[in-house]
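Letter by letter, the chains look like this.
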Amino acid sequence: MQFEELVNELARRMTDGSFISGTISQSRTKSDEVKRVKVKPIELKGELHIQFEYQYERVLQHENIHSGDVRGKLKDLLERFKQVHAEFLDEKIHVQLSKKFKVMWKSDQMHSKKVVDLSHNRKKQYLLDETTPYPFLIRLGVQSPDGKVKKQKYDKFRQINRFIEFIDDSLAHLPKDRTIRILDFGSGKSYLTFALYHYLRIEKGLDIYVTGLDLKKEVIEECQQIAKDLEYDKLEFLVGDINEYDKENAVDMVVTLHACDVATDMALARAVRWGASVILSVPCCQHELFSQIQSPELQVMLKHGLIKERFSALATDSIRAELLTLVGYETQLLEFIDMEHTPKNILIRAYQTGKQASLEAVQTYEAFRDMLGAKPFLEKELLQSRHLSLNEQKK
Ligand SMILES: C[S@@+](CC[C@H](N)C(=O)[O-])C[C@H]1O[C@@H](n2cnc3c(N)ncnc32)[C@H](O)[C@@H]1O
């Protein structure tokens, strides 16, 4: 087979409906910044395209080429790279090109049980791919060096992937003309902090600056070292208490993942104070309301410790959502991860709108809070910073 025939054959097979995926690798020049190109079919606006994913040292770039124009793109790539692996429904092929463009073609016949998946977002289920080795996940012990997610870390892998999906969905609410300032409060071992940095900065190439804050000095020092080793220069880790963190004037996005008890409320209060456009928060254990709640109307429920605990957690998140709405956020409580994987499965998503709360909305909140006998930490913080004004204060 001649080089031109190879290009024609690959272009034909990649666009005839049987192509599953492929990889083009082994650059002819050492200086080529693209290490490998992953290829797959996708459907865009009802038409078949081939997606080329260029893998650089630290960045991924995507290019979607209409099926009619694939030949030219393949020709360019096969002039730059010497190896092609491709999987089709009936065959796996391996192509090796020599220095002088001599073609060696090997194929294995097979009957794949796979189906051709053309959905553009088939990867969206996991924005961090399960088989790609990510340096930060390897350093954090989530993946083994060959990119396999460790069994005992699989829940964490799912959680950060899910969280990143929510971050991805909120990008339209963030500034496009300047550095996006992001804070992760109670970052702990910082799986999420590293993952969001990787996704936004390295994969999407966005101009961001991220801070992870936590009380634990040793854990933060370890994160600082990893960030330094990976040359993540727009990511910093600080030791500190959320409630005393006064270094910023404005922050665009505040995230928390399982920040303990009222640490979540401290983070929400800070976010409101800075006028953060996006707040994404998965709360953790809940003790505050459990110790306050008293309600004759709810006695049938509250006399059972288990029910009281669950009810307190749900009421706390409802109060948080309501307070954020009252201070000008469009707020939703969403399922984070299904219950099978973690009982802490609610995510608070709040986008700033600046919309003023109505008198009735404030009254409804006050009535609910009084029915429970609650004195929420977040309410106190928002009153103190004068973002919240209640009807009872006006009397
Ligand atoms: C359950 S861990 C979650 C860590 C991380 N976000 C994750 O999901 O892997 C909760 C973290 O919140 C931190 N934390 C609790 N209260 C805090 C506070 N007031 N200020 C800063 N960090 C706090 C703890 O030190 C702990 O590392």
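Explain the site of the ligand residue by residue, including any values.
Close to the ligand lie 16 residues; Gly-186, Asp-214, Asp-241, Ile-242 and Leu-257 are nearest. At a separation of 3.0 Å, a nitrogen atom of the ligand approaches a polar side-chain atom of Asp-241. Here a nitrogen atom of the ligand sits 2.7 Å away from a polar atom, N or O, in the main chain of Leu-257. When the ligand sits alone it has 600 Å² of accessible area, and the protein chains cover 85% of it. Sorting the residues of the shell around the ligand by element identifies β11 (253-259) and α7 (263-274) as the ones contributing at least two each.

Got a sec to walk through helix α12 (residues 377-384)? Specific residues and values, please.
Turning to α12, its buried residues number three or more, namely Phe-377, Leu-378, Glu-379, Glu-381 and Leu-382. Just downstream of α12, Arg-386 is the residue with a positive phi angle, here 65°.

Describe in detail the environment of Lys-189, supporting the description with residues and values.
Tracing the chain through its elements places Lys-189 in the loop between β8 (180-185) and α5 (191-203). For the pair Lys-189 and Cys-223, spaced 34 residues apart in sequence, the C-alpha to C-alpha distance is 6.9 Å. Ignoring anything within four residues of it in the chain, the contact list for Lys-189 reads Leu-140, Phe-194, Val-219 and Cys-223.

Any details on the nonpolar core? Residues and values, ideally.
Phe-136, Phe-163 and Phe-194 are the most contacted members of the largest nonpolar core, which totals 47 residues. Top contributing element to this core by residue count: α5, with nine residues. Residues contacting Phe-136, with those up to four places away along its chain left out, are Leu-128, Tyr-191, Phe-194, Ala-195, His-198, Leu-230 and Tyr-232. Counting residues in hydrophobic clusters, the runner-up holds 43 residues, among them Ala-263, Ala-271, Trp-274 and Leu-388.

Hey, could you go over the domain arrangement of the protein for me, with residue numbers and the actual values?
Taken as a whole, the protein is organised into domain 1 (3-109) and domain 2 (135-394). Here the C-alpha centroids of domain 1 and domain 2 sit 42 Å apart.

I'd love a proper account of the side chain of His-49, names of residues and values included.
As for its position among the elements, His-49 is in strand β3 (residues 47-55). Residue His-49 is classed as buried on the basis of its relative accessible area of 12%. There is a polar contact of 3.0 Å between the side chain of His-49 and the backbone oxygen of Glu-47. Leaving out residues up to four positions away in the same chain, His-49 has contacts with Lys-40, Pro-41, Ile-42, Leu-44, Asn-64, Ile-65, His-66 and Ser-67.

Can you break down the sheet that holds β8 residue by residue, with the values?
Pairing is mixed across the open sheet formed by seven strands, whose spatial order is β10-β9-β8-β11-β12-β14-β13. One side of each edge strand has no neighbouring strand; the edge strands of this open sheet are β10 (235-239) and β13 (329-335). Strand-to-strand twist in this sheet, taken as the mean axis angle between neighbours without regard to direction, amounts to 15°. Looking at chain direction, β8 and β11 are connected through four bridges and run parallel. From the neighbouring strand, Ile-182 faces β11, where its bridge partner is Met-253.

Reading the values: rules and limits
- Residues numbered from 1 in each chain as written.
- Predicted model: local features only at pLDDT ≥ 70, side-chain atom pairs only at ≥ 80, totals over all residues.
- Heavy atoms only, no water.
- Near = heavy atom within 4 Å.
- Polar contact = N/O pair within 3.5 Å; in protein donor to acceptor, adjacent residues only side chain to side chain.
- Areas by Shrake-Rupley, 256 points an atom, 1.4 Å probe, with all protein chains shown as cover.
- Helix = DSSP H or I, 4+ residues; strand = E, 2+ residues; numbered from the N terminus.
- Buried < 20%, exposed > 50% of the residue type's maximum accessible area, 1.4 Å probe, protein only.
- Contact = heavy atoms within 4.5 Å.
- Core = buried A, V, L, I, M, F, W, Y, C linked by side-chain atoms within 4.5 Å.
- Domains from an automatic or database assignment.
- Pairing = 2+ DSSP bridges.
- Axes fitted to C-alpha atoms, helices over the stretch in contact; angles between N-to-C directions.

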